[in-house]
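Topology and contacts: notes
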Amino acid sequence: MNINDIVNGILAGDKRMIARSISLIENDENAREAIIERIYSHGSAKIIGITGPPGVGKSTIIGNLAPMLAKTGKVSILAVDPASPFSGGSILGNRIRMQEALSRYNIYMRSTSNRLYEGGLSEYSWDIIKVMEASGSDYIIVETVGSGQSDLDIMNIADITCVILAPGLGDEIQAVKSGLMEIGNIFIVNKMDREDSYMAIKDIRETLNMSNKADIPVIGLNSLTLENYDRFVKYINDWKYQNKYRRNERKIKQIIMEKIYRIYSEYINNIDSADIENENPYYAAEKIMKNVAGQKFGYLEK
């Protein structure tokens, strides 16, 4: 199967070709660049980021939200799951929980491992989003790993970042104040059927007030009765900001870092054990850079 067939399939919305292209994007650099080159100018979707600590119901919210958005446009979902730091494998549990139900609404969902990539997304989230855009998606929902305060990279990808929290977090709201509480365009308190739900909304609003962000909405959802989901959908549809500049800037920096690492990787992976044990690490690192780039970066000049 050649790249042109895959690209034509993407543009036609063929789910089999979309799945095939994403596998190539994750595993074949030449195919990845060839696919992106051909589809880059196609499509324009609203990117909805869903992030928050584990156990707050992000997947449940997406399972309810996506069919509602599908009433007014084509929806795709990218769910990122954590990889094991030992085996590198990932269970991809989001797909197990949601994919069968969402297929009834013609919603394409793809789970992917973060492959230990930091920030709550995968290394190729941008590329996968471009494939989903080119396939005709009007909405793309991106669910982060869900490790909590460190899931901040979504702000560089999404047009609108939705931070999901739940009653009972208590001091954890304060703990994420310098992270997730700074990036949200809307805050959702899920599980409003619990007794302490209104106290959770109060805590979040007080935290936002202290950060001069009192205008950011806080919406309580009941995912059992779908209470307030209409407000959530309306807020998303009314949102006009597009984050394309920051999204592309992040990708450009990532590509440059990848290419720089590739240049140095042969030397990095073959560092002499004596250098590690006996040499000043700053000196050893600069010596490698000097050997590869043929220039000094400051330390050797001292």
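Refer to the structure above for everything that follows.
This one's a predicted model, so the numbers in the text were calculated from it and none came from an experiment.

**Observations regarding the sheet that holds strand E5 (residues 160-165)**
The 7 strands lie next to each other as E3-E2-E4-E1-E5-E6-E7, forming an open sheet whose pairing is parallel. In this open sheet, the two strands that pair with only one neighbour each are strand E3 (108-113) and strand E7 (218-220). Strand-to-strand, the axes of this sheet are offset by a mean angle of 20°, without reference to chain direction. As defined by bridge partners, strand E1 (residues 46-51) adjoins E5 across 4 bridges and the pair is classed as parallel. Bridge pairing in E5 links isoleucine 50 to cysteine 162. Strand contacts of helix H9 (residues 197-210): E5, strand E6 (186-189) and E7, with the helix running at about 160° to E6, the strand carrying the most contacts.

**Focus on the pattern of salt bridges**
Should the charged atoms of two oppositely charged side chains come close, the side chains can pair. For the coordinates displayed, the defined rule picks out 9 salt bridges. Here lysine 130 and glutamate 133 are joined by a salt bridge, their closest N and O atoms 3.1 Å apart. Here lysine 130 pairs with glutamate 133, and both are found in helix H6 (residues 125-134), just 3 residues apart, close to one helical turn. A residue is classified by how much of its surface remains accessible, and lysine 130, at 7% relative accessible area, is buried. With its nearest N and O atoms 3.1 Å apart, the salt bridge here joins aspartate 159 to arginine 247. With a gap of 88 residues between them, aspartate 159 in the loop between strand E4 (139-143) and E5 and arginine 247 in helix H11 (residues 244-268) connect regions that are remote in the sequence. Overall, the relative accessible area of 3% leaves aspartate 159 in the buried class. By relative accessible area, which is 8% here, arginine 247 ends up buried.

Each value, and the rule that gives it
- Residues numbered from 1 in each chain as written.
- Predicted model: local features only at pLDDT ≥ 70, side-chain atom pairs only at ≥ 80, totals over all residues.
- Heavy atoms only, no water.
- Pairing = 2+ DSSP bridges.
- Helix = DSSP H or I, 4+ residues; strand = E, 2+ residues; numbered from the N terminus.
- Axes fitted to C-alpha atoms, helices over the stretch in contact; angles between N-to-C directions.
- Contact = heavy atoms within 4.5 Å.
- Salt bridge = Lys/Arg side-chain N within 4 Å of Asp/Glu carboxyl O.
- Buried < 20%, exposed > 50% of the residue type's maximum accessible area, 1.4 Å probe, protein only.

Read these as spatial facts, not as claims about activity.
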